[in-house]
Amino acid sequence: MAHELSLTPAAPAVLRNLPLDTDAIQAARLDLAASFRWAARLGLAEGICNHFSAVVPGHSDLFLVNPYGCAFSEVTASSLLICDYDGHVIAGAGQPEATAFYIHAQLHRRLPHAAAAFHTHMPYATALAMTAGEPLVWAGQTALKFWGRTAVDETYNGLALDDGEGARIAAAIGTADIVFMRSHGVMVLGRTIAEAFDDLYYLERAAEVQVKAMSTGRPLIPVPADVAEATARQMRAGDAESARLHLESIRRQLDLSDPAYRL
């Protein structure tokens, strides 16, 4: 299902000579690698097909992304590629998966709030993307974290194998942080890697409990809109710090059980 990127132009010398070993970039590599490893542990990955990316600190025209052919559980800080929006690999061995490049390059180029972009086919959220109507029915507290922050991309055009499809997806997302992609999966955008992972985690938890509630065959009871909106504001007030602490806790756990993510 994954596709090799046929675009493999040589990176211009000016890009190859950029200082890409700063402390901020190394920290981003570690955060992103930890996100991959933990997502794999939680069963959020699908083969070698899904992808996380993040804008390179200090370089708004470059992004970090996982290499083609590498499972989430194999990703390390140093294995992550640095690419530009024209398909040049500036640092790292290999190349991005084709759909990863065509989608993520356009998201980072066109959406200022997309400092990090996490795309998965995680089962419960993807199941809701396959159902008619709004994916979330706002019946559970965890779902309220996403109140007013979601969009649905209603158009499924097959695999995203050109810039045009990536641009279309970016336009469908608009200012949303979470997009349910019909017949496909989900995309989570964050202002930091930690916030993107935090939203990804809680989105799947919200979707899981909703699917299980729906499976009872009994009607779901949505939270009243005014209460949902107020609760969402409460949650968002502390989201950035909570997300930072969440990812720090993940890294501590990985340091004990799977420290190879740091390589």
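Reference entry: report on the structure contained in this document. (Residues numbered from 1 in each chain as written. Predicted model: local features only at pLDDT ≥ 70, side-chain atom pairs only at ≥ 80, totals over all residues. Heavy atoms only, no water.)

**Re the packing of aromatic side chains**
Applying the stated criterion across every chain yields a total of 8 aromatic pairs. Relative to Tyr 85, the ring of Phe 63 lies with its centre 5.8 Å away and its plane at 20°, an arrangement referred to as stacked. Of this pair, Phe 63 sits in strand E2 (residues 59–65) while Tyr 85 is found in the loop between strand E3 (81–84) and strand E4 (89–91), placing the two residues 22 residues apart along the sequence. Among the residues examined, Phe 63 registers a relative accessible area of 0% and is labelled buried. Feature note: the residues Phe 36, Phe 52, Phe 72 and Phe 118 constitute an aromatic cluster, connected by ring pairs. (Phe/Tyr/Trp six-rings, centres within 6.5 Å; stacked < 30°, edge-to-face > 60°. Helix = DSSP H or I, 4+ residues; strand = E, 2+ residues; numbered from the N terminus. Buried < 20%, exposed > 50% of the residue type's maximum accessible area, 1.4 Å probe, protein only.)

**Description of the packing of helix H2 (residues 23–41) against helix H8 (residues 239–257)**
Taken N-terminus to C-terminus, the directions of H2 and H8 make an angle of 75°; their axes are 10 Å apart at the nearest point. If you check the angle between H2 and H8, you find them roughly perpendicular. Taken together, the residues of H8 that come into contact with H2 (itself represented by Ala 27, Leu 30, Asp 31, Ala 34, Ser 35, Arg 37, Trp 38 and Arg 41) are Leu 247, Ile 250, Arg 251, Gln 253, Leu 254 and Ser 257. Tallied by class, residues from the contact of H2 with H8 come to 7 nonpolar, 3 polar and 4 charged. (Axes fitted to C-alpha atoms, helices over the stretch in contact; angles between N-to-C directions. Parallel < 35°, antiparallel > 145°, perpendicular 65-115°, else oblique. Contact = heavy atoms within 4.5 Å. Nonpolar A, V, L, I, M, F, W, Y, C, P; charged D, E, K, R; others polar.)

**Some words on the packing of helix H3 (residues 98–110) against helix H5 (residues 163–173)**
Their axes nearest at 8 Å, the elements H3 and H5 cross at an angle of 50°. Taken together, H3 and H5 sit at an angle that is classed as oblique. Crossing angle aside, the handedness with which H3 passes H5 is right-handed. Contacts from Phe 101, Tyr 102, Ile 103, Gln 106, Leu 107 and Arg 110 of H3 reach H5 at Asp 163, Gly 166, Ala 167, Ile 169, Ala 170 and Ile 173. (Left-handed = near helix turned anticlockwise from the far one by under 90°.)

**A closer look at the pairing of strand E8 (residues 185–190)**
Most of E8 sits out of view: 6 of its 6 residues are buried. Here strand E5 (residues 116–120) runs beside E8; their pairing, made up of 5 bridges, is antiparallel. Paired with Phe 118 across the strands is Val 188, a residue of E8. The pairing of strand E7 (residues 178–181) with E8 spans 4 bridges and is classified as antiparallel. Across the sheet, residue Phe 180 finds its bridge partner in E8, namely Val 186. In textbook terms, the turn of a hairpin is the stretch between consecutive antiparallel strands, and for E7 and E8 this stretch comprises 3 residues, one of which, Ser 183, has a positive phi near 60°. (Pairing = 2+ DSSP bridges.)

**Some words on the environment of Gly 43**
Here Gly 43 is to be found in the loop between H2 and strand E1 (51–56). In sequence terms Gly 43 and Leu 64 are 21 residues apart; their C-alpha atoms lie 22 Å from each other.

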